[in-house]
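# An overview of the molecular structure
Listed below are the residues making up each chain.
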Amino acid sequence: MNTSASDSEEEVLVYAEFKDTVNIEKYKNIHVLGIDRKNPVIQLDDTFFTGSFENPLGTYLFFEEDQTPHCDDPLFDKLPEKNLKYLYKTTKLLSMEHAYVTSKEGSDIENKLQQSSESETIEPVTFENLEQALETFKKDKQEYDDSVLKPVINS
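These lines cover the structure that appears in this document, whether it is placed above or below. Bear in mind the structure is a predicted one, so any value in this text is a computation, not a measurement.

Bringing the overall build of the chain into the picture now. Counting secondary structure elements, the chain contains two helices and seven strands. Seen in sequence order, the chain has helices and strands lined up from the N terminus as β-β-β-β-β-β-β-α-α. A buried classification covers 12% of the 155 residues belonging to the chain. Residue pairs at least 24 apart in sequence account for 56% of intrachain contacts in the chain once pairs closer than 6 positions are excluded.

Here it is, written out as structure tokens:
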């Protein structure tokens, strides 16, 4: 029983356009999920992008570097530094946007976060000069240290 890796893998060329500026080369792991679905997901390391297929105005062409360039007349034909050969074309575009994780409405975590943010309001403090600020912080620190370090006596 000889099964090769090509039996379980399929190569698909997709033109993906990212709304945010994305430097693909800085990522080590790229995963594409649901490419055959309506809204595929692309994972670049720990960053997620969701997208949808669109019909662009033109056609997108795929090229690959030609390792064996052909020159008809070596005397008059000058080869460019990089030679490309046509690979494939597509009339579809995968438009990708950065995906952000949000909690579901009505969840316990969301309610707790709202309650804690409402109860922890911090008023701004103004000082006349640096010495006044230092004295205030020293006094507040001493009060905090005293309240934290009070011995608890069990009777």
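Now, onward.
By the secondary structure assignment, Ser 95 is in strand β7 (residues 93-98). The class of Ser 95 is buried, set by a relative accessible area of 7%. In terms of polar contacts, Ser 95 uses its side chain to reach the side chain of Lys 19, at 3.3 Å. If near-sequence neighbours (up to four positions away) are discounted, Ser 95 is found in contact with Glu 17, Lys 19, Thr 50, Gly 51, Ser 52 and Glu 54.

All right, on to the environment of Thr 68 then. Along the polypeptide, Thr 68 turns up in the loop between β5 (60-65) and β6 (84-90). In the structure, Thr 68 is positioned 16 residues away from Leu 84 in sequence and 9.9 Å away in space, judged by C-alpha atoms.

With mixed pairing, the five strands of this open sheet are ordered in space as β1-β7-β4-β3-β2. Taken across any chain shown, the strands that pair with only one partner, and hence form the sheet edges, are β1 (16-18) and β2 (30-33). On average, each strand axis in the sheet is tilted by 25° relative to the strand beside it, whichever way the strands run. In terms of strand pairing, β1 meets β7 through three bridges, oriented parallel. Residue Ala 16 lies in a different strand from β7, and its bridge partner there is Leu 94.

Let's shift gears to the packing of aromatic side chains. This structure, assessed with the given rule, holds four aromatic pairs. Judged by centre distance (3.9 Å) and plane angle (15°), the rings of Tyr 15 and Tyr 60 are stacked. Placement of Tyr 15 in the segment before β1 and of Tyr 60 in strand β5 is noted, with a sequence separation of 45 residues between them. On the basis of relative accessibility, which here comes to 28%, the residue Tyr 15 falls in the partly exposed class.

Moving on: the nonpolar core. Phe 18, Tyr 27, Ile 42, Leu 44, Phe 49, Leu 94 and Met 96 form the largest nonpolar core, which has seven residues in total. Non-local contacts of Phe 18, meaning those with residues more than four positions away in its chain, are made with Ile 24, Ile 42, Leu 44, Phe 49 and Met 96.

Cut-off values and rules
Residues numbered from 1 in each chain as written. Predicted model: local features only at pLDDT ≥ 70, side-chain atom pairs only at ≥ 80, totals over all residues. Heavy atoms only, no water. Helix = DSSP H or I, 4+ residues; strand = E, 2+ residues; numbered from the N terminus. Buried < 20%, exposed > 50% of the residue type's maximum accessible area, 1.4 Å probe, protein only. Contact = heavy atoms within 4.5 Å. Polar contact = N/O pair within 3.5 Å; in protein donor to acceptor, adjacent residues only side chain to side chain. Pairing = 2+ DSSP bridges. Axes fitted to C-alpha atoms, helices over the stretch in contact; angles between N-to-C directions. Phe/Tyr/Trp six-rings, centres within 6.5 Å; stacked < 30°, edge-to-face > 60°. Core = buried A, V, L, I, M, F, W, Y, C linked by side-chain atoms within 4.5 Å.

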